[in-house]
Amino acid sequence: MPDRTPWWLLLLRIAAIGAAILGLANPVLNPEQDRVAGSGPLLILMDGGWASAPDWPARQARARAALDDARRQGRPVVLASIAATETAADLAPRVADDWRGEIDALEPVAWAPDREAFKGLLAEAGLSGFDTLWLQDGLGPDGGLSDALLSEGSVTAIPPLRLARAIRPPRYDGTEVVVDVLRAEAGLETRTVAAYGPDPSGIERELGRADAVFDAEADTAEARFDLPVELRNRVSRIAMIGAPSAGGVALTDDALKRRKVGLIAGAQRAEGMQLLDALHYLRSALVDTADVIEVPLQDLLLASPEVIVLADVGGFADGERAALEEWVHDGGLLVRFAGPRLASSGAGQIEEDALLPVRLRAGGRQVGGAMSWGAPKRLRPFPDASPFAGRVATSEVEVTSQVMAQPDPDLGERTFAALEDGTPLVTGRSEGQGRGVLFHVTANAAWSNLPLSGLFVSMLERLAISARPGATEAGDLSGVTWAPQQVLDGYGRVRDPGLIAGVDGARLAEGRPGPDAPPGLYRAGERTIAVNLMGPESLLNQSEPLADGIIRGDLTPAEEVSYKPLLLTRAVAALCIDILATLFLVGRLRVTRPTAAAVLAGFFVVTLAPDRAVAQGEDEIALFATTETVLGYVETGDARVDGISEAGLNGRAQVLTMRTAGEPLVRCVDVERDELSFYPLLYWPVTDSQPTPSAEAFAKLNTFLRNGGMLFFDTR
């Protein structure tokens, strides 16, 4: 009877019923705030372009959560990537479970989403009355898509964790390779950029790194690579560190490749007199920076060199002059060196010669002659307009002889380098699209010690850089079909083009990569061009603020924790204790009071102690790991990376099983919680989103290594 029931038993029953009521109410910690309301079709919309790549796993996880919620509610679902959806037929609603595999397989593409075009596809599909979960990348124009979505139902917009960064194609500033890093938000920031290229064996290596430091309000910052010439010529791509996207990669083309330089001398080299050879110092200076060609002029022009160097060439055979003039006019760089033959040829003395930048005076100038100097002359600083500007005119260079320029009115504009008395030493002039340059001394040490100095190499290098092709013009691309050699995926990884067809030059000239013209390297004949996502003048623009009526959500909300299982378990445990207590009180259970108290305490420990299940699980893991050979991989929290790790180690385990007597198994390991001593090897894929291990984890890892464990880091 109630008047005979002990107070503690009444309290236990009240607690059991209260726990059951609370459990059935399903209390939740951090309830999901971004659940899309409604009962009609659900459109899970992802921008899906290159700017979504840096946090793509988080976007996939958010889409899976929305898919699970739609499955529980029985809502039909449409999953779409704006950048990758090509036809309205792709927008047909299906049951939620049908989309799970497509979410796992979906990847960002290497171009920006065209939201205006997608709005047209949405109207064509005839989809109506749907609610939208829109995972945005935060960049680019809206194209009226927000209004179209709001007209059909509720819209929940999920912004990115952080706006993506991008880089423009590399350019030259003197001898430095400069890359502009772009962003669309303010704040002090430093971004690291790396240059990659093949080593002598053809394996891609990192050739150098540079930092781009942003001011608080700046949207661009420069990263400068001061690389040796032999490394600079091998750069094939430049990529931002820690920002995997097609926008964070810039491929290089002919503009950064080695030049073809033709060498021609006016006289044959005397045998055994290598240092007097007119081309010896030129070969030594150019061999590391260019592909040197030494053949007769007619054959040389057929090789289409970017630069031709003539050392003391006074005249030309029939037809050679016209062909050489045409080559210069079409964009070639002609570098000539003086000498006795040029001085005595009379070229350019009466009227201007198309192959000489200035008119020359007869006789030249030398020590001890009619125009004798008191001492050899040195260089004066290079003018700002000179291609050699910024180089130090060393005082060690001395000139004893030279050919003289006529003092014409435009001589000052054509002077690239002069002696201390103002006499021109190097002159140059543009001719059509090309340029002619004249060194008023010989290419060997007969008239000066310039070829013996490091300045000589630097001056030739500067001239070769000035011959590099500039930005590709639309007219140069049109009318030609360009075959893709390599293309970029959304993460900025270089891929084989596969079955991608050739692209018309007019389409590439638009400068707008897309599914029919992805960013990459394209080739037509002897020419190779790089089509990058960003152009030389591109900027990143942040999307417009969300329209009224659009709900803002979070990409990575706090994990939802339900207390229902915990409370119902406690209610059942309390009712079991109540049954035992009732049997004891009515005499049906013959136990002493100390035994009853021990049983009661045991129930409380087993059912209410939260760490007991964990401890039991750890015991099972220890038993499993000590009775089997287990290979472990470190859990990263990225489902895609963890899946790759598990699949890779399982593949290795299968090979070991086939080839050895061992049968290793694979398990995921948390370095913070798990005991590491059970594993002979730990595979650790390193991701950008991994937190730094705690001090306790570091101590466990050190102990693991000291006891003979093997830790395999994969920087991916």
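The paragraphs below set out a description of the structure included in this document. (Residues numbered from 1 in each chain as written. Predicted model: local features only at pLDDT ≥ 70, side-chain atom pairs only at ≥ 80, totals over all residues. Heavy atoms only, no water.)

Some remarks on the overall build of the chain
Secondary structure summary: the chain contains 18 helices and 33 strands in total. Among the 716 residues that make up the chain, the fraction classed as buried is 44%. For the chain, long-range pairs separated by at least 24 residues make up 70% of all intrachain contacts whose partners lie at least 6 apart in sequence. Put simply, the chain shows about 35900 Å² of open surface, and 54% of that area lies on carbon and sulfur atoms. (Helix = DSSP H or I, 4+ residues; strand = E, 2+ residues; numbered from the N terminus. Buried < 20%, exposed > 50% of the residue type's maximum accessible area, 1.4 Å probe, protein only. Contact = heavy atoms within 4.5 Å. Areas by Shrake-Rupley, 256 points an atom, 1.4 Å probe, with all protein chains shown as cover.)

Brief notes about the nonpolar core
Counting 46 residues, the largest nonpolar core has Leu282, Val335, Phe337, Phe388, Val426 and Phe439 as its most contacted members. Listing elements by their share of this core, those giving two or more residues are strand E14 (259-265), helix H7 (280-286), strand E16 (307-311), strand E17 (333-337), strand E20 (415-418), strand E21 (424-431), strand E22 (434-439) and helix H11 (454-466). Excluding residues that lie within four positions of it along the chain, Val426 makes contacts with Phe388, Arg414, Thr415, Phe416, Ala417, Val437, Leu438, Phe439, His440 and Met459. One finds Trp56, Val77, Trp99 and Leu133 within the second-largest nonpolar core, a separate group that totals 22 residues. (Core = buried A, V, L, I, M, F, W, Y, C linked by side-chain atoms within 4.5 Å.)

Some points on a nonpolar patch on the surface
On the surface, a nonpolar cluster with roughly 800 Å² of combined accessible area is contributed by Trp7, Trp8, Leu11, Ile579, Leu583, Leu585, Val586 and Leu589. Listing elements by their share of the nonpolar patch, those giving two or more residues are helix H1 (7-24) and helix H14 (564-585). (Patch = residues over 30% accessible without salt bridge, like charges linked within 9 Å, V, L, I, M, F, W, Y side chains within 5 Å. Salt bridge = Lys/Arg side-chain N within 4 Å of Asp/Glu carboxyl O.)

Notes on unusual backbone geometry
Its identity is not glycine, yet Ser304 carries a phi of approximately 55°, on the positive side. Examined against the element boundaries, Ser304 turns out to sit in the loop between helix H8 (297-302) and E16. Ser304 gets classed as partly exposed once you look at its relative accessible area, which sits at 46%. Backbone geometry at Asp312 places phi at a positive 55°, although glycine is not the residue there. Tracing the backbone shows Asp312 in the loop between E16 and helix H9 (320-329).

A look at H9
Counting along an α-helix, one turn takes 3.6 residues, and residues three or four places apart therefore face a common direction. Looking only at H9, the buried set comprises Glu320, Leu324, Trp327 and Val328. Viewed along the axis of H9, the buried residues span an arc of 95°, placing them on a single side of the element. Exposed side of H9, more than 90 degrees from the buried face: Ala322 and Glu326 are the residues found there. On its buried side, H9 packs onto H8, E16, E17, E21 and E22. Directly after H9, the chain includes Gly331, whose backbone phi takes a positive value near 125°. (Arc of directions from axis to C-beta.)

Brief notes about the packing of aromatic side chains
Tallied over the entire structure, the rule returns six aromatic pairs. Measuring from ring centre to ring centre gives 6.5 Å for Phe388 and Phe416, while their planes differ by 85°; the resulting arrangement is edge-to-face. Taken together, the positions of Phe388 in the loop between strand E18 (365-366) and strand E19 (401-402) and Phe416 in strand E20 put the pair 28 residues apart, joining distant regions of the chain. Among the aromatic residues, ring-to-ring pairing joins Phe337, Phe439 and Phe456 into one connected group. In this structure, Arg237 packs its charged tip against the face of Tyr196, placed 4.3 Å from the ring centre. (Phe/Tyr/Trp six-rings, centres within 6.5 Å; stacked < 30°, edge-to-face > 60°. Lys NZ or Arg CZ within 6 Å of the ring centre and 35° of its normal.)

Remarks on the sheet that holds strand E10 (residues 204-214)
Reading across from one edge, E10-E9-E12-E13 is the order of the four strands in this open sheet, with antiparallel pairing throughout. Looking at strand neighbours, the two that pair on one side only are E10 and strand E13 (249-251), the edges of this open sheet. Taken over all neighbouring pairs, the strand axes of this sheet differ in orientation by 20° on average, direction set aside. As paired strands, strand E12 (residues 237-240) and E13 are joined by three bridges and run antiparallel to one another. Residue Ile238 lies in a different strand from E13, and its bridge partner there is Ala250. (Pairing = 2+ DSSP bridges. Axes fitted to C-alpha atoms, helices over the stretch in contact; angles between N-to-C directions.)

Section: the sheet that holds strand E4 (residues 131-135)
Sheets are built from strands that pair by backbone hydrogen bonding, the pairs being arranged parallel or antiparallel. Strand order in the open sheet formed by five strands is E3-E2-E4-E5-E28, and the pairing between neighbours is parallel. Two strands lie at the open edges of the sheet, namely strand E3 (77-81) and strand E28 (550-552), each paired on one side alone. Averaged over all neighbouring strand pairs, the angle between strand axes comes to 20°, with direction disregarded. Note that E4 and strand E5 (residues 155-158) share four bridges and pair parallel. Across the sheet, the residue bridging to Leu133 is Thr156, located in E5. Against the sheet, helix H2 (residues 56-73) engages strand E2 (42-46), E3, E4 and E5, with an angle of about 175° to E2.

Examining the side chain of Asp142
Among the structural elements, Asp142 can be located in the loop between E4 and helix H5 (145-150). A polar atom in the side chain of Asp142 sits 3.0 Å from the backbone nitrogen of Leu145. What Asp142 contacts, discounting residues up to four positions off in sequence, is Arg115, Trp134 and Glu544. (Polar contact = N/O pair within 3.5 Å; in protein donor to acceptor, adjacent residues only side chain to side chain.)

A word on the side chain of Arg507
Examined against the element boundaries, Arg507 turns out to sit in helix H13 (residues 505-509). For Arg507, the contacting residues outside a window of four places in its chain are Arg512, Pro513, Gly514, Asp516 and Ala517.

Concerning the packing of H1 against H14
With their axes 8 Å apart at the nearest point, H1 and H14 run at an angle of 155° to one another. Taken together, the axis directions place H1 and H14 in an arrangement best described as roughly antiparallel. The element H1 and its partner H14 pack so that their crossing is left-handed. Contact residues: Trp8, Leu9, Leu12, Arg13, Ala16, Ala19, Ala20, Leu22, Gly23 and Leu24 in H1; Lys564, Leu567, Leu568, Ala571, Ala574, Leu575, Ile577, Asp578, Ala581, Thr582 and Leu585 in H14. For the contact of H1 with H14, the per-class residue count stands at 16 nonpolar, two polar and three charged. (Parallel < 35°, antiparallel > 145°, perpendicular 65-115°, else oblique. Left-handed = near helix turned anticlockwise from the far one by under 90°. Nonpolar A, V, L, I, M, F, W, Y, C, P; charged D, E, K, R; others polar.)

As for the pattern of salt bridges
What the rule picks out here adds up to 42 salt bridges. Here Arg224 ties to Glu222 by a salt bridge, and the two come within 3.2 Å at their closest N and O atoms. We classify Glu222 as partly exposed; its relative accessible area is 36%. Between Arg493 and Asp489 there is a salt bridge, and its shortest N-O distance comes to 2.8 Å. On the accessibility criterion, Arg493 (29% relative accessible area) is partly exposed.

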